[in-house]
Amino acid sequence: MSSNIAIGPYAIGNPVILAPMAGVTDRPFRQLCRQLGAGLVVSEMVTADTRLWNSRKSRFRLDHSGEKAPISVQIAGGDPEMMAAAARENVRRGAQIIDINMGCPAKKVCKKAAGSALLRDERLVADILQAVVQSVSVPVTLKIRTGWCPETRNGVTIARMAEDIGISALAVHGRTRACGYHGQAEFDTIADIVSRVKIPVFANGDITGPARARQVLDYTGAAAVMIGRAAQGRPWIFREIAHYLATGERLPEPSLEEVRDILLAHLGELHRFYGEVMGVRIARKHVGWYLKTLANSESFRKTFLQLDSAEAQHASVQTWFERRINRGAQAA
Ligand SMILES: Cc1cc2nc3c(=O)[nH]c(=O)nc-3n(C[C@H](O)[C@H](O)[C@H](O)COP(=O)(O)O)c2cc1C
């Protein structure tokens, strides 16, 4: 299956997209996912309140240097004027697509009537979309949940409104805001949305591998799948899904040698991007996710969490994998 998705002037090669995840999809992780087959990656959200952009966290989030086009930056906020200003400023700093967050249920976001909390107020949704679309010349995309709560699943209304206003593509997480992350994502509302709009729709929620991605695309008719948590510690999931969608064949799991190389390169990028102190801290989370995918790694994970220098982190990963690889070679 080759993708013919376009977002404005940008053709999206593979119909497998990395979901924005605050605290996860930083520049090193986005670049890695692109290298390993993601057709599009979306930044972590940045607040629409530009007065907060001087914080260290925002500075890292606003850094897109060296990223491959199209650079898609997500903004979150509940005030149309502020969202428009934030979109303009992000474009000035290199964003080629602006993505609007109306899909995140995090308390920090919802408390300020932003993220998925906005879905309750359709008038405000329209005002925000209009303000942002009018403020920039780049394509604007939108990420939503299926509605505010199961009783008011207004995803179709919001999707049609978004299309009319000029939104270029829509990502839909198959849960309502009230559902949090409980239960299973549902795809009926997504299928309904796909049948009612012409813009590309990306289906999101609980997609963990190639077969599930195929099923979801067949069931919903969506243009692409969007992958969040299943990519944590498994960035090669993008090539696995893209290959399966294109050929119907499964790629073999990456070898231990390849996982080691990917992890070491990722580690190096985190240390370089954030500097040693912050990089070491952030690496613990990512390495923990990689190790979760490998059997009998629990005691190493505990050891790794104690390490406090880039060099020690690098050396320990190297040694742990060497031992495993040698053990495997002896057993063969
Ligand atoms: C740690 C974490 C951070 C997230 N941050 C964002 C965010 O910044 N913006 C957003 O629109 N969604 C955010 N999400 C939601 C994801 O983009 C995605 O919709 C959700 O995880 C469901 O997809 P999945 O089942 O493939 O993980 C976040 C999810 C997680 C787990």
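The structure under discussion appears in the preceding block.
Reading the values: rules and limits
- Residues numbered from 1 in each chain as written.
- Predicted model: local features only at pLDDT ≥ 70, side-chain atom pairs only at ≥ 80, totals over all residues.
- Heavy atoms only, no water.
- Helix = DSSP H or I, 4+ residues; strand = E, 2+ residues; numbered from the N terminus.
- Rg over C-alpha atoms; globule rule 2.2 N^0.38 Å.
- Buried < 20%, exposed > 50% of the residue type's maximum accessible area, 1.4 Å probe, protein only.
- Contact = heavy atoms within 4.5 Å.
- Areas by Shrake-Rupley, 256 points an atom, 1.4 Å probe, with all protein chains shown as cover.
- Core = buried A, V, L, I, M, F, W, Y, C linked by side-chain atoms within 4.5 Å.
- Near = heavy atom within 4 Å.
- Polar contact = N/O pair within 3.5 Å; in protein donor to acceptor, adjacent residues only side chain to side chain.
- Nonpolar A, V, L, I, M, F, W, Y, C, P; charged D, E, K, R; others polar.
- Expected span 1.5 Å × (residues − 1).
- Patch = residues over 30% accessible without salt bridge, like charges linked within 9 Å, V, L, I, M, F, W, Y side chains within 5 Å.
- Salt bridge = Lys/Arg side-chain N within 4 Å of Asp/Glu carboxyl O.
- Lys, Arg positive; Asp, Glu negative; His and termini not counted.
- Charge placed at Lys NZ, Arg CZ, Asp CG, Glu CD.
- Axes fitted to C-alpha atoms, helices over the stretch in contact; angles between N-to-C directions.
- Parallel < 35°, antiparallel > 145°, perpendicular 65-115°, else oblique.
- Left-handed = near helix turned anticlockwise from the far one by under 90°.
- Pairing = 2+ DSSP bridges.
- Right-handed = clockwise from strand over helix to strand, strands pointing away.

Asks: When you look at the overall build of the chain in this model, what are you seeing that I'm missing?
Replies: Broken down by element type, the chain carries 13 helices and 11 strands. Taking 332 residues into account, the globule formula puts the C-alpha radius of gyration at 20 Å, and the chain, at 20 Å, falls close to it. When the backbone C-alpha atoms are referred to their principal axes, the chain occupies close to 65 × 45 × 35 Å. Buried residues in the chain amount to 58% of all 332 residues. Sequence separation of 24 or more characterises 68% of the internal contacts of the chain that already satisfy a separation of 6 or more. On the chain, roughly 14600 Å² of surface is accessible, and the fraction owed to carbon and sulfur atoms is 49%.

Asks: Is there a simple way to explain the nonpolar core in this structure?
Replies: Counting 68 residues, the largest nonpolar core has M102, L142 and I227 as the members making the most contacts within it. With 26 residues, the next largest nonpolar core counts F60, I262, L270 and Y274 among its residues.

Asks: How should I be thinking about the site of the ligand in this particular structure?
Replies: Taken together, the neighbourhood of the ligand is formed by 16 residues, with P20, Q74, N204, D206 and R229 sitting nearest. The side chain of Q74 places a nitrogen or oxygen atom 2.7 Å from a nitrogen atom of the ligand. In the environment of the ligand, an oxygen atom lies 2.8 Å from a nitrogen or oxygen atom belonging to the backbone of G228. For the ligand, whose unbound accessible area comes to 610 Å², protein coverage reaches 90%. Here the shell around the ligand is composed, by residue class, of 7 nonpolar, 6 polar and 3 charged.

Asks: So what exactly am I meant to see when it comes to helix α5 (residues 122-135) here?
Replies: An α-helical segment advances 3.6 residues per turn. Residues three or four places apart therefore align on the same side. Helix length check: α5, at 14 residues, gives a terminal C-alpha distance of 20 Å against a target of 20 Å (1.5 Å per residue), a fit within 8%. Contact partners of the buried residues in α5: α3 (80-92), β7 (97-102), β8 (140-147) and α6 (155-165).

Asks: Any chance you could explain a positive patch on the surface here in plain terms?
Replies: On the surface, a cluster of positive charge is contributed by R56, R59, R281 and K285. Mapped onto the secondary structure, R56 falls in helix α2 (residues 56-61). Take R56: its relative accessible area is 48%, and that puts it in the partly exposed class.

Asks: Sorry if this is basic, but what is going on with the pattern of salt bridges here?
Replies: Where charged atoms from two side chains of opposite charge come close, those side chains can pair. All told, the structure shown has 17 salt bridges when counted by the stated rule. As a salt-bridge pair, D206 and R229 come within 3.1 Å of each other at their nearest N and O atoms. Here D206 is found in the loop between β10 (201-204) and α8 (210-220), whereas its partner R229 is found in the loop between β11 (224-227) and α9 (237-247), with 23 residues between them in sequence. Among the residues examined, R229 registers a relative accessible area of 41% and is labelled partly exposed. Residues E269 and R272 are paired through a salt bridge, measuring 2.9 Å at the closest nitrogen-oxygen approach. Taken as a pair, E269 and R272 lie in helix α10 (residues 256-274) at a separation of 3 residues, close to a single helical turn. Owing to a relative accessible area of 33%, E269 belongs among the partly exposed residues under this scheme. On the basis of relative accessible area, R272 is assigned to the exposed category, the value being 61%. Several salt bridges converge on common partners, so that one network encompasses E89, R92 and R93.

Asks: It is not clear to me how the packing of α8 against α9 should be interpreted in this structure. Could you clarify?
Replies: For any two helices packed against each other, one specifies the inter-axial angle together with the distance between the axes. Where α8 contacts α9, the axes come no closer than 9 Å and their chain directions differ by 55 degrees. One element, α8, and the other, α9, form an angle in the oblique class. Every pair of crossing elements has a handedness; the one defined by α8 and α9 is right-handed. Between α8 and α9, the residues in contact are P210, A211, A213, R214 and L217 and E240, I241, Y244 and L245, respectively.

Asks: Sorry if this is basic, but what is going on with the side chain of D99 here?
Replies: Along the chain, D99 falls in strand β7. A polar side-chain atom of D99 sits 3.0 Å from a polar atom in the side chain of Q74. Only 2.7 Å separates the side chain of D99 from the side chain of T141, close enough to count as a polar contact. In this view, D99 contacts P20, V42, S72, V73, Q74, I75, T141, L142 and K143; residues no more than four positions away in its chain are not counted.

Asks: Would you explain the pairing of β10 in this entry?
Replies: Every other side chain in a regular strand lies on the same face of the sheet, so the side chains alternate between the two faces. Burial along β10 is two-sided: the face carrying V201 and A203 and the face carrying F202 and N204 are both buried. Note that strand β9 (residues 169-176) and β10 share 4 bridges and pair parallel. By the bridge assignment, V172 is partnered in β10 with A203. As defined by bridge partners, β10 adjoins β11 across 3 bridges and the pair is classed as parallel. Within β11, the position partnered with F202 by the bridge is A224. With respect to chirality, the unit in which β10 leads through α8 into the neighbouring parallel β11 is right-handed.

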